[in-house]
Amino acid sequence: MPTGQVLLYSGLRSENAQRANRPINERIIVARFRTRVRNLTFVQVYAPTDAADLQEKEEFYSQLSGVVNEIPKGDIRIYAGDFNAKIGSDNTDLERIMGPHGLGEMSENGELFTEFCGNQDMVIGGSLFPHRSVHKVTRVSRDGRTENQIDHICISRQGFCRRAQARALEIPDSTVEEEWQFIKDAFAVTGENTLGMLRTQRKEWISDATWDKIEERKQAKAAIVSARTRATKARTRQTYAELEKAVKRSCRGDKRAWTDSLADEGEKAANNGDMRLLYDISRRLCGARTNTRIPVKDRSGQLITDPADQLKRWFEHFEQLLQSRIHVQALSTIRKMLGGSTR
């Protein structure tokens, strides 16, 4: 279609069609596609629910097995749809079929589903890698609280193992954590060498008690993200809101106490005639700060991080800018202000 969508039509088939589909019954449909590598056969299903009779379920999987057995061996196989099967997270003796990252506990439909996948040498994709619970849920019951993972995508073990082996050849004996650490270190080292280190300081007026409340708020935020049910998420959000108010209230108290303390010091400095201390206190209260670490580039456009090299570059800049109008003695004065010779 012009919109980029694909329509599977079960009517007459064109002689020049590049893909074909075959509806089996109201629960199974098969579509075959031509790809650049091999043909791909996609089987979409809608399995009976847990409340259905066992005979109906066994008949469904018997029909499905007959359909997939007719798929050419050279095709890439993908089975997907609403299997109405809870597979859970316990993959004991099922390591070749599923991973340990399913949701809930295995149901009767889950047992039939995993048995079918084992017979067909298929792997349940949604259970192989860790995901947030909100990304695993495929159905929410009418009460709005019970969440299940009953829709699945299965891929052939042969294709999955080939991709896993190719990935292992690219990065041998590495885990996700090791790969992330490698990327993180590369960014950190490159940033430090290019931009230098910027020291960050805590705001001096925030007390340790307030920082403890900020840490509690951070943990409450993480609890919201990891909550599995809507009820738990609602409770954690309420806790987070209360901690948010407590942090803001504590920050206002700390800022007020810090300001009053500096005001008292400033008053004493004024009475004693200590203008230097009074000026410093005024700057701290106003928050005035001069940025002395403005990035400087050399003639080729590369950033300069060393302070001495930055001073030399500033001298070169003013020497070139004012070369036709500045006196030699003025240049000598600037050179002395910058700390000696810049040549």
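Below or above, wherever it landed, is the structure these notes cover. (Residues numbered from 1 in each chain as written. Predicted model: local features only at pLDDT ≥ 70, side-chain atom pairs only at ≥ 80, totals over all residues. Heavy atoms only, no water.)

## Quick word on helix α1 (residues 54-69)
(1) Moving on: A rise of 1.5 Å per residue sets the reference length of α1, with its 16 residues, at 22 Å; its end C-alpha atoms lie 22 Å apart and thus fit the reference within 8%.
(2) Moving on: All of the buried residues along α1 are Lys57, Phe60, Tyr61, Leu64, Val67 and Val68. Along α1, the residues classed as buried sweep out an arc of 115 degrees about the axis, all on the same side. For α1, the exposed residues set more than 90 degrees away from the buried face come down to Gln55, Ser62 and Asn69. (Helix = DSSP H or I, 4+ residues; strand = E, 2+ residues; numbered from the N terminus. Expected span 1.5 Å × (residues − 1). Buried < 20%, exposed > 50% of the residue type's maximum accessible area, 1.4 Å probe, protein only. Arc of directions from axis to C-beta.)

## Focus on the state of the cysteines
(1) Moving on: Tallied over the full model, the rule gives zero disulfides.
(2) Moving on: We note that cysteine 117 lacks a disulfide partner, and the nearest cysteine sulfur, in cysteine 154, lies 3.8 Å from it.
(3) Moving on: The class of cysteine 154 is buried, set by a relative accessible area of 0%. (Disulfide = S-S within 2.5 Å.)

## Some points on the packing of helix α7 (residues 230-272) against helix α8 (residues 275-286)
(1) Moving on: For the pair α7 and α8, the least separation of the axes is 8 Å and the interaxial angle reads 160 degrees. As the angle between them shows, α7 and α8 are arranged roughly antiparallel. Once α7 is placed against α8, the crossing between them reads as left-handed. Together, Trp258, Thr259, Leu262, Glu265, Gly266, Ala269 and Ala270 of α7 and Met275, Leu277, Leu278, Ile281, Arg284 and Leu285 of α8 make up the contact between the two elements.
(2) Moving on: Split into classes, the residues belonging to the contact of α7 with α8 amount to nine nonpolar, two polar and two charged. (Axes fitted to C-alpha atoms, helices over the stretch in contact; angles between N-to-C directions. Parallel < 35°, antiparallel > 145°, perpendicular 65-115°, else oblique. Left-handed = near helix turned anticlockwise from the far one by under 90°. Contact = heavy atoms within 4.5 Å. Nonpolar A, V, L, I, M, F, W, Y, C, P; charged D, E, K, R; others polar.)

## A look at a nonpolar patch on the surface
(1) Moving on: There is a patch of nonpolar side chains on the surface, built from Trp180, Phe182, Ile183 and Phe187 and spanning about 530 Å² of accessible area.
(2) Moving on: Within the fold, isoleucine 183 resides in helix α5 (residues 176-195).
(3) Moving on: The partly exposed category is assigned to isoleucine 183, whose relative accessible area is 40%. (Patch = residues over 30% accessible without salt bridge, like charges linked within 9 Å, V, L, I, M, F, W, Y side chains within 5 Å. Areas by Shrake-Rupley, 256 points an atom, 1.4 Å probe, with all protein chains shown as cover. Salt bridge = Lys/Arg side-chain N within 4 Å of Asp/Glu carboxyl O.)

## What to know about the pairing of strand β4 (residues 76-82)
(1) Moving on: Counting buried residues in β4 gives six out of seven residues, a clear majority hidden from the surface.
(2) Moving on: Across seven bridges, the pairing between strand β3 (residues 39-46) and β4 is parallel. For phenylalanine 42, the partnering residue across the bridge sits in β4 and is isoleucine 78.
(3) Moving on: Read from β3 through α1 to β4, the crossover connection turns out right-handed.
(4) Moving on: With five bridges joining them, β4 and strand β8 (residues 151-156) adopt antiparallel strand pairing. Bridge pairing links alanine 80 to isoleucine 153 in β8. (Pairing = 2+ DSSP bridges. Right-handed = clockwise from strand over helix to strand, strands pointing away.)

## Let's talk about unusual backbone geometry
(1) Moving on: One non-glycine residue, aspartate 93, adopts positive backbone phi at about 65 degrees.
(2) Moving on: Relative to the assigned elements, aspartate 93 resides in the loop between β4 and α2 (108-119).
(3) Moving on: Looking at aspartate 93, the relative accessible area reads 70%, which means it is exposed.
(4) Moving on: With a phi close to 55 degrees, aspartate 121 is a non-glycine residue in the positive phi region.

## A look at the side chain of serine 107
(1) Moving on: Mapped onto the elements, serine 107 comes out in the loop between β4 and α2.
(2) Moving on: Ignoring any residue separated from it by four or fewer positions in sequence, one finds serine 107 in contact with Asp50, Ala85 and Lys86.

## Describing the pairing of β8
(1) Moving on: Of the two faces of β8, the one lined by His152, Cys154 and Ser156 is fully buried and the one lined by Asp151, Ile153 and Ile155 carries no buried residue.
(2) Moving on: Bridge count for strand β5 (residues 122-124) against β8 is three bridges, and the pairing is antiparallel. When the bridges of β8 are listed, valine 123 appears paired with isoleucine 155.

## Description of α2
(1) Moving on: In this model α2 runs 17 Å from its N-terminal to its C-terminal C-alpha over twelve residues, within 8% of the 16 Å that 1.5 Å per residue would give.
(2) Moving on: Turning to α2, its buried residues number three or more, namely Asn109, Gly110, Leu112, Phe113, Thr114, Phe116 and Cys117.
(3) Moving on: Looking at the buried positions of α2, the neighbouring elements they touch are α1, β4, β5 and β8.

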